Amino acid sequence: GYMKANTGAERSVIITITSGKEEAQFTLKQLAGDSSNPDPDPDPEKPSGYAGRIEIPKLKGGSMNIFHTWTTTENGKKTVTYSYEYDCTKKHVRWVALTFDNVTSQKNVDRKDAYQPDPNIPAQYRTDRQDYYSPYNRGHMVASSDRLYSREANSQTFYYSNISPQIESGFNQGGSVWDAIEDKVQEWGKVSNPQDTTYIVKGTSIDYAILATGKNGVKIPKYYFSTILSYKNGKYKAIGFYIEHKSEKVDSNNKIKRIKECAKSIDELERITGLDFYHNLPANIESDVESSYDENDWNW
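Computed from a prediction, not measured in an experiment: that's the story for all the values here.

Peer 1: Before we move on, can you summarise the overall build of the protein chain with the specific residues and values?
Peer 2: Regarding its fold elements, the protein chain presents five helices and 13 strands. Dimensions of the protein chain, computed from the C-alpha atoms along their principal axes, are close to 55 × 45 × 40 Å. Per-residue burial over the protein chain gives 49% buried out of 300 residues. Once local pairs closer than 6 in sequence are excluded, the contacts in the protein chain between residues at least 24 apart make up 67%. Summed over all atoms, the accessible surface of the protein chain reaches about 14300 Å², with 44% contributed by carbon and sulfur. On the protein chain, the mean spot of the 38 positive side-chain charges and the mean spot of the 41 negative ones are 3 Å from each other.

Peer 1: Let's hear about a nonpolar patch on the surface: which residues, and what values?
Peer 2: Where nonpolar side chains cluster on the molecular surface, the patch consists of Val13, Ile15, Ile17, Phe26 and Leu28 and spans about 390 Å² of accessible area. Mapped by element, the contributors of at least two residues to the nonpolar patch are strand S1 (11-19) and strand S2 (22-30). Locating valine 13 in the fold gives a position in strand S1. Valine 13 sits in the partly exposed class, given a relative accessible area of 36%.

Peer 1: Would you mind going over the confidence of the model for the protein chain in detail, with residue names and values included?
Peer 2: Overall, the predicted model of the protein chain reaches an average pLDDT of 91, with 92% of residues at or above 70. This model gives residues 34-40 a pLDDT under 50, and the stretch forms nine contacts once residues within four places in sequence are excluded.

Peer 1: Outline the packing of aromatic side chains, supporting the account with residue identities and numerical values.
Peer 2: Inspection of every chain in the model, using the stated rule, returns 17 aromatic pairs. Seen in terms of ring centroids, phenylalanine 241 and tryptophan 300 are 6.4 Å apart; in terms of plane orientation they differ by 80°. Their pairing is edge-to-face. Taken together, the positions of phenylalanine 241 in strand S12 (residues 235-244) and tryptophan 300 in the segment after helix H5 (283-291) put the pair 59 residues apart, joining distant regions of the chain. Here phenylalanine 241 matches tryptophan 300 in class, with each residue buried. The interplanar angle of 45° and the centroid separation of 6.4 Å between the aromatic rings of phenylalanine 277 and tyrosine 278 together place this pair among those described as tilted. Taken as a pair, phenylalanine 277 and tyrosine 278 share a single burial class, namely buried. Each residue in the set Tyr115, Tyr132, Phe158 and Tyr160 is aromatic and connected to the rest through ring pairs, giving one cluster. The ring of phenylalanine 100 carries the charged tip of arginine 147 above its face, separated from the ring centre by 5.2 Å. Note that lysine 215 overlies the ring of tyrosine 133, its terminal NZ or CZ placed 4.7 Å from the centroid.

Peer 1: Outline the environment of serine 252, supporting the account with residue identities and numerical values.
Peer 2: Within the secondary structure, serine 252 is located in the loop between S12 and helix H3 (255-261). Of the residues examined, serine 252 reaches a relative accessible area of 63% and is grouped as exposed. With 196 residues separating them in the primary sequence, serine 252 and isoleucine 56 have C-alpha atoms 33 Å apart.

Peer 1: Quick rundown of the nonpolar core? Include the residues and the values.
Peer 2: In terms of nonpolar packing, the biggest core is built from 36 residues, with Tyr84, Ile181, Ile239, Phe241 and Ile243 touching the most fellow members. Contributions of two or more residues to this core are made by strand S3 (65-74), strand S4 (77-87), strand S5 (92-100), helix H2 (177-189), strand S11 (223-232) and S12. Ranked by the residues each element gives to this core, the list is headed by H2, at six residues. Beyond its immediate sequence surroundings of up to four residues, isoleucine 181 is in contact with Phe241, Ile243, Ile259 and Cys262. Formed by 25 residues, the second largest nonpolar core is a distinct cluster that contains Ile54, Tyr242, Ile266 and Ile285.

Peer 1: Hey, could you go over the pairing of S11 for me, with residue numbers and the actual values?
Peer 2: Across the ten residues of S11, eight count as buried, placing the element largely inside the fold. Bridging between strand S8 (residues 197-204) and S11 involves eight bridges; their strand directions are antiparallel. The partner of isoleucine 200 across the bridge, within S11, is isoleucine 228. Relative to S12, S11 runs antiparallel, the two sharing ten bridges. Counted as the bridge partner of tyrosine 223 is glutamate 244 from S12. Connecting S11 to the antiparallel partner S12 that follows it, the hairpin turn spans two residues, and asparagine 233 within it adopts a positive phi of roughly 55°.

Peer 1: Describe in detail the sheet that holds S4, supporting the description with residues and values.
Peer 2: Pairing is antiparallel in the open sheet, where seven strands are placed in the order S3-S4-S5-S8-S11-S12-S13. On the outer flanks of this sheet lie S3 and strand S13 (263-264), each paired with one strand and no other. Running at roughly 40° to S12, helix H4 (residues 266-273) makes contact with S11, S12 and S13 of the sheet.

Peer 1: Summarise the environment of phenylalanine 100; cite the residues concerned and give the values.
Peer 2: For phenylalanine 100, the location among the structural elements is in strand S5. Once residues within four sequence positions are removed from consideration, phenylalanine 100 is found in contact with Ser105, Asp146, Arg147, Gln186, Gly189, Lys190, Val191, Asp196, Thr197, Thr198 and Ile200.

Parameters at a glance
Residues numbered from 1 in each chain as written. Predicted model: local features only at pLDDT ≥ 70, side-chain atom pairs only at ≥ 80, totals over all residues. Heavy atoms only, no water. Helix = DSSP H or I, 4+ residues; strand = E, 2+ residues; numbered from the N terminus. Buried < 20%, exposed > 50% of the residue type's maximum accessible area, 1.4 Å probe, protein only. Contact = heavy atoms within 4.5 Å. Areas by Shrake-Rupley, 256 points an atom, 1.4 Å probe, with all protein chains shown as cover. Lys, Arg positive; Asp, Glu negative; His and termini not counted. Charge placed at Lys NZ, Arg CZ, Asp CG, Glu CD. Patch = residues over 30% accessible without salt bridge, like charges linked within 9 Å, V, L, I, M, F, W, Y side chains within 5 Å. Salt bridge = Lys/Arg side-chain N within 4 Å of Asp/Glu carboxyl O. pLDDT = per-residue confidence, 0-100. Phe/Tyr/Trp six-rings, centres within 6.5 Å; stacked < 30°, edge-to-face > 60°. Lys NZ or Arg CZ within 6 Å of the ring centre and 35° of its normal. Core = buried A, V, L, I, M, F, W, Y, C linked by side-chain atoms within 4.5 Å. Pairing = 2+ DSSP bridges. Axes fitted to C-alpha atoms, helices over the stretch in contact; angles between N-to-C directions.

Okay, structure coming up:
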C-alpha cells in the first residue's frame, strides 16, 4: 500500500486482510501535517505520536504528569524501548508500557547496573540512590530482563524514573509472588514471529493507595499490577494481575495456584485502578478482549 504525505488533520484507516476463513485487522494512523516531532505534548483526549500506540493507557495529563517514550536507533532503525507516565507530586511512575516483538524479544546483551537520574524529570522531582533504603530496595518497573535486545535499551531500564521502592525480602526477590508474575508475563510476552506483538503495562496504586511515604516525599505503592495483551496468529487475548505490596514468598508447588489467584480481566483492573488500558484499539476488539479472560488461553 501507499499513502501520500499528510498535509491535513490526523487520519487513520482500518485495513482488513482476509485469507480463506482467516481475517485480521490492522489500524494504520498518520499524524497531522509535519510529523517531524514524533513525541509531542499529548492531549489525553486525542492521543497522537507515541501516545497513540496500542500499549499506552489513557493519559492523566497535566503539568505534573510527564509522559515520555525511550527509543533506541541502530542501523538507522528506531525501536521503542518503553514509555511511562510519571507523577511529579508522588515522585513515582503511574505506569510503564512496553511491547515485545521479534526485535525486542531478543537477548543480545547482559544486565549492566547503570542506575542514573532521569534527565526528563525536573531536578526537584527526580529520585536518586538515597531514596531507596531498607526494608525497601530498587525494584524495576520495566525489568532489566525485559530489555536485553541492546545495551542502550537495557541501560534505559536503570533510569530512576523506572525504579520503585519495593520490599526487598519477599517481594523484589526471586521466590516472591510478584517475581513469579513478572516471569510469567515475560514468558508469555516473548515472540519470534514478525507478525506477532505483545503489549504490556505495569503500574502501581499511587493514585489511590499508598503503603508509606519515603524519604524526600517518594510515595511507596500499596499495590502493583501487570497487564498483557497478546496478538498472535491474528488473534488478540488479554489478562491482568493485581497484587498487594507485601512480603510473600511462594514455593514451586503453589506458584501457579497463587498466580492464578491474582489474575483479573482488564475490565476488572480498570475498575480498581481507574486507568483505561488499550483504549487505542478499535472499540470492538477492546471490548471483547477486556471483558473477560480464559485460563485455558494461557500456558501456565
